[in-house]
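The primary structure of each chain is shown beneath.
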Amino acid sequence: MGLNVELKKLEELELETQRLAAQLQSSKANNGSADQTDDDLLKLQVENTKLKHRLAILRQSIAEESKAGGSIEVQENSSITEHLHFVFAQAIALAFPEYKDTPVSIAPVNSASAKFGDYQCNNAMKLAKQLKEKGINKSPGDIATEIQRNCPVSPLIEKLEVAGAGFVNVFLSKNYASQALSGLLRNGVKPPPVPKRRVLIDFSSPNIAKQMHVGHLRSTIIGESICRLLEFLQHDVVRINHLGDWGTQFGMLIAHLEDRFPNFLNESPPIGDLQVFYKESKKRFDEDEEFKKRAYSRVVSLQSGEPNSIKAWQLICDVSRKEFQTIYNRLDVSIQERGESFYQSRMLSVVEFLRKKNLLEPDEGREIMWPDESKTGIPLTIVKSDGGFTYDTSDMAAIRHRLEEEKCSWIIYVVDAGQSTHFNTIFKAAERCGILDRAVHRVDHVQFGVVLGEDGKKFKTRSGDTVKLSDLLDEGMKRSLNQLESRGRNDVLTPQELKDAQEAVAYSCIKYADLCHNRISDYIFSFDKMLEDRGNTAVYLLYTYTRICSIARNSGEDFSDLAKVLEGVNIDLSHEKEWKLAKTLLKMHDILIKCSNELFLHFLCEFCYEVCTVFTEFYDSCYCIEKNKAGEIIAVNRSRILLCEATAAVLRQSFFILGLKPVAKI
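On a predicted model such as this, the values are computed, not experimentally measured, just so you know. (Residues numbered from 1 in each chain as written. Predicted model: local features only at pLDDT ≥ 70, side-chain atom pairs only at ≥ 80, totals over all residues. Heavy atoms only, no water.)

**Considering the packing of aromatic side chains**
Rule in force here: Paired rings are identified among Phe, Tyr and Trp, the last through its six-membered ring, by centres lying within 6.5 Å, and are further divided according to the angle between planes into stacked (under 30 degrees), edge-to-face (over 60) and tilted (the rest). Secondary structure elements are defined from DSSP: runs of H or I of at least 4 residues count as helices, runs of E of at least 2 residues count as strands, and each element is numbered from the N terminus. Between buried and exposed lies partly exposed: a residue is buried under 20% and exposed over 50% of the maximum accessible area for its type, with that area taken using a 1.4 Å probe on protein chains only.
This model, assessed by the stated rule, comprises 13 aromatic pairs. The interplanar angle of 45 degrees and the centroid separation of 5.7 Å between the aromatic rings of Y413 and F427 together place this pair among those described as tilted. Highlighted residues: Y413 in strand β11 (residues 410–414) and F427 in helix α14 (residues 420–432), separated in sequence by 14 residues. With respect to burial, Y413 and F427 carry one shared label: buried.

Encoded structure:
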């Protein structure tokens, strides 16, 4: 195993050891000291010391190998930026040992400035300033030259040049690019190596007895794509639907069910429209005092576990589940239900836990918890004045369960921006009571803006009601079919091909229109704009992908076994447009790492659009199939068709992460 591969593995092991050590310390703090806990912690600390020692030896070995003019290993699925960070970190450590911990600054060069290389290291200017503060006058150009001289040999780098005010320009190796793309075609698109974590993603989260509406669209689409991204990067992902399936509203629903369908215990009630059913029960609750009393009594019986109330509650939940699942099936979303009801017993436990730590304070009959010692801001209401629990209690119980029982080290909440104060308070409170350890755990609130109508106001129906998600998807299907028929596709596609294309365009457009924007911003929902076949839209991407896939098909040759084709063909990148396309494709791993670090999907959307536009430049300048005037094929450039196949593979994997569904014919 190469030094770099082993180094990466050891860093993962060190991270895991730190996580386990923090867990044991937390256990010790919560349960009192125990000999076994001390022994286990001691063993882990010894193991961690060994790992750190091994890491130090490895880093020294790499530095010595570099000093001796050795070569640094690079994998076909490496992130270019991360590899260059590693190369220049070694160079800076050798050239300026006292600044060996300086963060490396690597930036891609705009493709219009290709003569200045593909990437730049921009550390020289900052180092010159730091040296000057110590009384050492050294120009950025001289510093850049020193850095260049100490760079270890890398198969990824063709050459290094010092330019301008001290930039080190990096020119990528065409030979490496050709090998990396050949490996991609042989083995498929592989994820870049990253430290693996157990990640829980909380998304979608509709309420029982209410229909999913356009407000749930963003959480569902963004959450699903983040799951797919992190799963592709080989993380252990837990997908959770935190359903609103508990609370006082179920009292009125159960009481109304008993009146409307008195035989519900023996026959499944035919509740056609749960939204109507909810409105009926709410009207009675607001107007009928006797019904209101009975509703409250049903809340008590439900919370105490009375069998008939539990049965009624389950029936109501089942009707909603079926409606939700229909939406999830249409959007190709996979999610595991774990609603508020799941945390009932754990809420009792977390209240007791906080009381033992003396973190709850009385406040007008309530029990509250301040998120930090300063006691500023808004406290959490953990126990209400009537002894009941709140969303705060539920969320504290949930984060404790997820970190301590589920053993997750990363939690992602995909919830609208309006909840940012709430989640910041939950995270601080969890940290204060020892549930959350920022040195080991990562928690993120992936917030997003609202969906607007074309009038710039919150997206509503003409009557002012919230838009149902099912109606939105139906309208998408209708508009998609109209667009395909206007292009005459119904005359050339079979009925099944037309249906597949209709679904691909409709659902892909709705998803992409959401994901291609910075999620924090509000965005205007417009079917007309999202169905355009030019610009950064799903339709343009899907059409381009389908065209790319047709090239090999139309060549008259067999490209079904790419590994076999590669035995006799090397990917040639001598034309500037071939080289530009290859470099664009190789950015994929950088983009995926950026998306996972920052949890923004629009970077991947922009990458897909760039791939398609650069491919179009390539295709317009470089023939893949040459024909005579009679339309007969006289030459096939296999290398370029392999480049087309590599482009299709990169787009296919990117589309899957974004939830877009390409079709063979469109």
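**Regarding the packing of helix α3 (residues 80–95) against helix α5 (residues 140–150)**
Threshold: The convention used is that axes are lines fitted to C-alpha atoms, helices contributing only their stretch in contact, and that angles between N-to-C directions extend from 0 to 180 degrees. Oblique is the label for every angle not falling under 35 degrees (roughly parallel), over 145 degrees (roughly antiparallel), or within 65 to 115 degrees (roughly perpendicular). By definition, any crossing whose near helix is turned counterclockwise from its far helix by less than a right angle is left-handed, and any crossing with a clockwise turn is right-handed. We call two residues contacting when some pair of their heavy atoms lies within 4.5 Å. For this scheme, ten residues count as nonpolar: Ala, Val, Leu, Ile, Met, Phe, Trp, Tyr, Cys and Pro. Four count as charged, namely Asp, Glu, Lys and Arg, and the remainder, Gly too, count as polar.
Where α3 contacts α5, the axes come no closer than 8 Å and their chain directions differ by 115 degrees. When the axes of α3 and α5 are compared, the pair comes out roughly perpendicular. Crossing geometry of α3 relative to α5 is assigned as right-handed. Residues F88, A91, I92, L94 and A95 of α3 form the contact with α5, whose participating residues are E146, I147 and N150. Considered class by class, the residues forming the contact of α3 with α5 number six nonpolar, one polar and one charged.

**Description of empty space enclosed by the protein**
Definition in use: Using a grid of 1 Å spacing that covers the protein atoms alone, one calls a set of points a cavity when a 1.4 Å probe fits there but cannot get out, and a pocket when the set is open and has protein on both sides within 12 Å along at least five of seven lines; lining residues are those with an atom within 4 Å of a point. Grid points are joined across faces, edges and corners, and a volume is the space filled by probe spheres set on the points. Marked domain ranges trace back to an automatic or database domain assignment.
Under the counting rule described, the total for this entry stands at two cavities of 30 Å³ or more. Taken as a whole, the largest cavity holds about 50 Å³ of empty space. In terms of lining residues, the largest cavity is bounded by T220, I221, E224, S225, R228, L331, D332, V333, K511, L658 and G659. Here the element with the most residues in the lining of the largest cavity is helix α7 (residues 214–232); it accounts for five residues. Classifying every residue of the lining of the largest cavity gives four nonpolar, three polar and four charged. The two domains that each donate at least three residues to the lining of the largest cavity are domain 2 (204–244 + 342–446) and domain 3 (249–337). Along its surface, the second largest cavity is lined by I222, D514, L515, H517, R519, L601 and H602. Here the residues of the lining of the second largest cavity sort into three nonpolar, two polar and two charged.

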